[in-house]
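# Structural features, examined
Single-letter residue listing:
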Amino acid sequence: MSEVKIIGTGSYMPKGITTNDDLSKWVDTSDEWISSRTGIKERRLSIGENTSELASKAAIKALENANMKAEDIELIIVATITGDSFTPSTACIVQENIGAFNAVAFDISAACSGFIFGLNTSYQFIKGGQMKNALVIGAEVLSKIVDFKDRNTCVLFGDGAGAAILKASKEQGILYNYIGSDGINGKESLNCPAVQISNPYTKIEKKEESFITMNGKEVFRFAVKIIPKSIEKILEDTNNSLDDIKYIIPHQANLRIVEFAAKKLKVDIEKFYVNLDKYGNTSSASIPIALDEMNRKGLLKKGDKIILVGFGGGLTWGSTLIQW
Ligand code: COA
C-alpha cells in the first residue's frame, strides 16, 4: 500500500473586501464589538461569482502548484454547504471548468469540517489503491445563506475557496485522520434550512428563508471542547505529543475559540495559524485557505508535522495529522 502526500495547494478569494465598518452600515454593530468578540476585521464577499467559480480558481492554482495537468486528476471532491445547485454537484461543474475529463467528481456536506472529511475520504480511495490522486476543495459562498439583517451571524462569515492535491507516494504524508459527528444533540445549534416540501400533498404554511441561524454560545462551548479533544485523540492514536507538532491549523471561526483551545491544551497560541482577521469564517474553505497561505509563505518545511482541526454544523468535527 502506498502513502498519500499533499503535493500542491491553491486558494482563491473574491475581491469584495467588506470591513467591520461596512457591516455597521447594514446592521447595528461596530468594529469594536466584532474585533473584540471574534478577532475578525474584514471578510470577502462574492461579487457575483458562484461557489464553483471560486472552487475552480482555487483548483487551477493547486494544479499549478503541484505541477499537474487537470486531465490527470482521478478524483474531485468539493466540500461545500453552498453548492451552485442541488444537481449537478459543484464538483461536476469544477470538473468541466478545469477540464478534468478523467476524474470522478462528487460533493460532500459536513459544514465547516467538510475539508477534513474530504481529505479523509480521498485518502481512503488512494490508500486503498482505487485512485492515484485526488483534488480536494473546500469552497463556499456563504453570503448566499447569510441574513444581512441578523447581526448575530452576518458579522462572522465570508466567502472563499481552498484546494489541495493528494497523490500516492512512497514517502509519508497524511499520517492519520479522525472524524466524528453528532446529529442527535447538535442540529439546533447551527442550522440552515433547504427548500421546503411543497407538492400536491403538502402545503407550505409559511415560506422559510434559507438563512443560517445559530446559538452562538452553544457553538462556542462545543468548539472549545472539540478542538482539544480532536487534537488529543490524533496525538494519542499516533504516539505523538504536542512538542512534535510544528503548527496547528484550526478552522477559522473565532480568535477567542482558538485562545480557549490553546489554553486548555497548555500550548503556545503561536502554534495555531490564524488568518481569520482577513477572511472571517469561510466554513469548509477556511482550513485549505490557511494551508495554502502557509505553503506559499514557505512556512511549511519538509518533515514538519502539522495538525488540521475542523468543527462545525451537524455537528461534525475532525482532525488530520500531516508530515509535510
Ligand atoms: N454587534 C453588536 N452586538 C451584538 C452583535 C453584533 N454583531 N451580535 C450580538 N450582539 C449583542 C447581543 O445581542 C447581546 O446583547 P444583549 O446582551 O443586549 O442581549 C450581546 O451582544 C452579547 O451577545 P452574546 O451572544 O452573549 O455574545 P458572545 O460573547 O457570546 O459572542 C459570538 C457572540 C457569536 C461571537 C460567540 O458566541 C461565538 O463566536 N460563537 C461561536 C460562533 C461560531 O463560531 N459559529 C460557527 C462555528 S463553525
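Just so you know, these numbers come straight off a predicted model, no measurement behind them. (Residues numbered from 1 in each chain as written. Predicted model: local features only at pLDDT ≥ 70, side-chain atom pairs only at ≥ 80, totals over all residues. Heavy atoms only, no water.)

Turning to the site of the ligand, a few remarks are in order. Around the ligand sit 22 residues in total, of which T29, R37, G216, K217 and N254 are the nearest. The side chain of T29 places a nitrogen or oxygen atom 2.7 Å from a nitrogen atom of the ligand. Interatomic distance of 2.7 Å between a side-chain N/O atom of N254 and an oxygen atom of the ligand. A total of 970 Å² of accessible area belongs to the ligand in isolation, and the protein chains cover 74% of it. Within the residue set of the shell around the ligand, elements represented by two or more residues are α2 (31–38), α6 (151–154), α7 (216–237), α8 (255–265) and β12 (305–312). A per-element tally of the shell around the ligand places α7 first, with four residues. Grouping the amino acids of the shell around the ligand by side-chain chemistry returns nine nonpolar, eight polar and five charged. When we break the shell around the ligand down by domain, the ones giving at least three residues each are domain 1 (3–171) and domain 2 (176–323). (Near = heavy atom within 4 Å. Polar contact = N/O pair within 3.5 Å; in protein donor to acceptor, adjacent residues only side chain to side chain. Areas by Shrake-Rupley, 256 points an atom, 1.4 Å probe, with all protein chains shown as cover. Helix = DSSP H or I, 4+ residues; strand = E, 2+ residues; numbered from the N terminus. Nonpolar A, V, L, I, M, F, W, Y, C, P; charged D, E, K, R; others polar. Domains from an automatic or database assignment.)

Further remarks concern the sheet that holds strand β11 (residues 247–250). Taken in spatial order, the four strands make up an open sheet running β8-β13-β12-β11, and their pairing is mixed. Both edges of this open sheet fall to β8 (174–181) and β11, since each of them pairs with a single strand only. This sheet shows a mean twist of 10° between the axes of neighbouring strands, independent of strand direction. Where β12 lies against strand β13 (residues 316–323), eight bridges are found, and the strand directions are antiparallel. Its bridge partner being in β13, V309 is matched across the sheet by S319. Relative to β8, helix α5 (residues 114–127) is tilted by about 125°, and along the sheet it contacts β8, β12 and β13. (Pairing = 2+ DSSP bridges. Axes fitted to C-alpha atoms, helices over the stretch in contact; angles between N-to-C directions. Contact = heavy atoms within 4.5 Å.)

Right, let's get into α7. Under the 1.5 Å per step criterion, the end-to-end length of α7 is 31 Å for 22 residues, consistent within 8% with the ideal 32 Å. Buried within α7 we find V219, F220, F222, A223, V224, I226, I227, P228, S230, I231, I234 and L235. A positive backbone phi angle near 55° is found at N239, which sits one or two residues after α7. (Expected span 1.5 Å × (residues − 1). Buried < 20%, exposed > 50% of the residue type's maximum accessible area, 1.4 Å probe, protein only.)

Quick look at the UniProt feature "active site" (unreviewed entry) in the protein chain now. Taking the UniProt record as the reference, the feature "active site" (unreviewed entry) is found at C112, H251 and N281. A maximum C-alpha distance of 8.7 Å among these annotated residues, which run over 170 residues, shows that they cluster at one spot. Summarising the element assignment, H251 is placed in the loop between β11 and α8. When its relative accessible area of 2% is taken as the criterion, H251 is described as buried. A distance of 3.2 Å separates polar atoms of two side chains, one belonging to H251 and the other to N281. Examined against the element boundaries, N281 turns out to sit in the loop between α9 (276–279) and α10 (286–297). (UniProt positions renumbered as here; feature names shortened; annotations may be inferred.)

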